[in-house]
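Single-letter residue listing:
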Amino acid sequence: MRQMDKKEIFGMGLSELQSLFIDKGLKKYRADQVFDWLYKKSVFTFSEMKNIARSDAELMNDNFTVLPANVKILRRQQSADGLTTKDLVELTDGNTVETVSMKHDYGCSICVSSQVGCNMGCAFCASGIGGFVRNLSPQEILLQIALSNQLLVPAGGRISRIVVMGSGEPLLNLDAVLEALTFAHREDAFNISCRNMTVSTCGIVPGIDALAGKGIRLNLAISLHAANNDLRSELMPVNDTYALTEVIAAAERYARTSGRQVTYEYILIAGKNDSLTDAELLANALRFKHASVNLIPVNPVEEKGYRRPSTERIDAFLRFLQKRKINVTIRKEMGKDIDAACGQLRSKAMKR
Ligand code: SAH
């Protein structure tokens, strides 16, 4: 059978896989075995699945494809401290996406992309530089986890936390993102708790409400970056469509329905949004809200030229918010030496 006529089984539910196997004359339990290899052991080639008889592996190979075995990692970079890995993955249509996995004390996390490119046009971000190309499918989102696990599982690790903060705007590809996260949550797949999944948005209000309506209790992060409406529009064109106050109101609705505290991401850019007046606006905007703030000193993107404030200025901003009883943290920086930090992901390898 030609490759393109074969059935893709990656990301398919177990009962569907079982019926498919039975249709092809395979025993039902083979589907359970394959499922285990794919999602628990990160083995994607039938002939390498040790408990599958050779003749069955051949039959599978003739009839099915497994996406992670058919994509190329064009480049895998590791940070000097060995904790961060960035993959540039070539999808089957030749498009590319970047994914970052990180090792922490508590386990491993992954930052997945949801789109090839992005059309939100945020002034500070690398992901939108080449424009928007297309949405990723649920399988292409899951693929990023599978490839990271392939590296981690042999060393006894596995991804236990997902942030949808790579390239793209996840709420503009909500169905695929939710399908992927729901699959990742399955106990017999990646077994990742919804508490350990975060979707980050630039503030697509109808998407926030749609997410709230799904009743899946994911963590929501809002990229705020300015608490002054004009400045936010300058940094994030999406603010002309969904203004600051509407975004915060939608986030509050999400917090109420989900019971989850919303995180506001706030990039600190020297001379732009890092003054104590900006801190005060932010504190006022989030007063009495079920929210926390994550401050992110801006990461360098060559084409953009924004600089991060001095340590003293960052500390002053942080202390101001703390004094105003805002729950605030500074984002731990990982992988900057391989351009894997927030805002540095792109759909094409530019450097190195
Ligand atoms: N589109 C979504 C998710 C992707 S961006 C969103 O906007 O939230 C993930 C986070 O990285 C966002 O908070 C984004 O604003 C931030 N980011 C973008 N460029 C950055 C940069 N140069 N330095 C630091 N963070 C950046």
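Residues numbered from 1 in each chain as written. Predicted model: local features only at pLDDT ≥ 70, side-chain atom pairs only at ≥ 80, totals over all residues. Heavy atoms only, no water.

Visitor: So what's going on with the overall build of the protein chain? Which residues, and what values?
Guide: Looking only at helices and strands, the protein chain has ten helices and 14 strands in total. The C-alpha atoms of the protein chain give 21 Å as radius of gyration, which agrees with the globular expectation for 352 residues (20 Å, within 12%). For the C-alpha atoms alone, the extent of the protein chain along its principal axes is close to 70 × 45 × 35 Å. Evaluated residue by residue, the protein chain yields a buried proportion of 55% over its 352 residues. Of the contacts made within the protein chain by residues no fewer than 6 positions apart, 66% connect residues no fewer than 24 positions apart. For the protein chain, the computed accessible surface area is about 15,500 Å², with 49% contributed by carbon and sulfur atoms. Positive and negative side-chain charges in the protein chain, numbering 45 and 39 respectively, have mean positions lying 4 Å apart. (Helix = DSSP H or I, 4+ residues; strand = E, 2+ residues; numbered from the N terminus. Rg over C-alpha atoms; globule rule 2.2 N^0.38 Å. Buried < 20%, exposed > 50% of the residue type's maximum accessible area, 1.4 Å probe, protein only. Contact = heavy atoms within 4.5 Å. Areas by Shrake-Rupley, 256 points an atom, 1.4 Å probe, with all protein chains shown as cover. Lys, Arg positive; Asp, Glu negative; His and termini not counted. Charge placed at Lys NZ, Arg CZ, Asp CG, Glu CD.)

Visitor: Run through the site of the ligand, naming residues and quoting values.
Guide: Around the ligand, the structure places 20 residues, and the nearest of them are F124, S200, S223, H225 and N299. Take E265: an N or O atom from its side chain is 3.1 Å from an oxygen atom of the ligand. When the ligand is considered free in solution it has 530 Å² of accessible area, and contact with the protein chains removes 96% of it. Where the shell around the ligand is concerned, the elements lending two or more residues are β10 (197–201) and β12 (262–268). Its residues placed into classes, the shell around the ligand shows ten nonpolar, eight polar and two charged. (Near = heavy atom within 4 Å. Polar contact = N/O pair within 3.5 Å; in protein donor to acceptor, adjacent residues only side chain to side chain. Nonpolar A, V, L, I, M, F, W, Y, C, P; charged D, E, K, R; others polar.)

Visitor: Explain the sheet that holds strand β3 (residues 72–78) to me, and be specific about the residues and the numbers.
Guide: An order of β3-β4-β5-β6-β9-β10-β11-β12-β13-β14 is seen for the ten strands of this open sheet, with the pairing classed as mixed. Looking at which strands have only one partner, the edges of the open sheet turn out to be β3 and β14 (327–330). Taken pair by pair, the neighbouring strands of this sheet meet at an average axis angle of 20°, ignoring direction. Alignment of β12 against strand β13 (residues 291–297), held across seven bridges, turns out to be parallel. (Pairing = 2+ DSSP bridges. Axes fitted to C-alpha atoms, helices over the stretch in contact; angles between N-to-C directions.)

Visitor: So what about the packing of helix α6 (residues 205–214) against helix α8 (residues 244–258)? Which residues, and what values?
Guide: Contact pair α6 / α8: the axes reach a minimum separation of 9 Å and the direction vectors enclose 5°. Accordingly, the angle class assigned to the pair α6 and α8 is roughly parallel. For the pair formed by α6 and α8, the contact residues are V205, I208, D209, L211 and A212 on the first element and E246, V247, A250, A251, R253, Y254 and T257 on the second. The class makeup of the residues in the contact of α6 with α8 is eight nonpolar, one polar and three charged. (Parallel < 35°, antiparallel > 145°, perpendicular 65-115°, else oblique.)

Visitor: Tell me about the packing of helix α1 (residues 14–23) against helix α2 (residues 28–41), and please be specific about residues and values.
Guide: Interaxial distance between α1 and α2 falls to 8 Å at its minimum, and their mutual angle equals 130°. Considered as vectors, α1 and α2 are oriented oblique to each other. Here α1 runs over α2; the crossing is right-handed. Where α1 abuts α2, its residues L14, L17, Q18, F21 and I22 lie against K28, R30, A31, D32, V34 and F35. Of the residues contributing to the contact of α1 with α2, the split by class is seven nonpolar, one polar and three charged. (Left-handed = near helix turned anticlockwise from the far one by under 90°.)

Visitor: Please provide a residue-by-residue account of the side chain of Q18, values included.
Guide: Looking at the secondary structure, you find Q18 in helix α1. Dropping the residues within four chain positions of it, Q18 is found in contact with K28, A31 and D32.

Visitor: Account for the domain arrangement of the protein chain, naming residues and giving values.
Guide: Domains assigned within the protein chain are domain 1 (3–69) and domain 2 (71–351). At the interface, 14 residues of domain 1 touch 19 residues of domain 2. In this assembly, domain 1 packs against domain 2 so that about 1,400 Å² is buried in total across both faces, 62% of it on carbon and sulfur atoms. Inspection of the domain 1/domain 2 interface yields four residue pairs in polar contact (both at pLDDT 80 or more). Of the residues contributing to the side of domain 1 that touches domain 2, the split by class is nine nonpolar, three polar and two charged. (Domains from an automatic or database assignment. Buried area = accessible area lost by both parts, 1.4 Å probe.)

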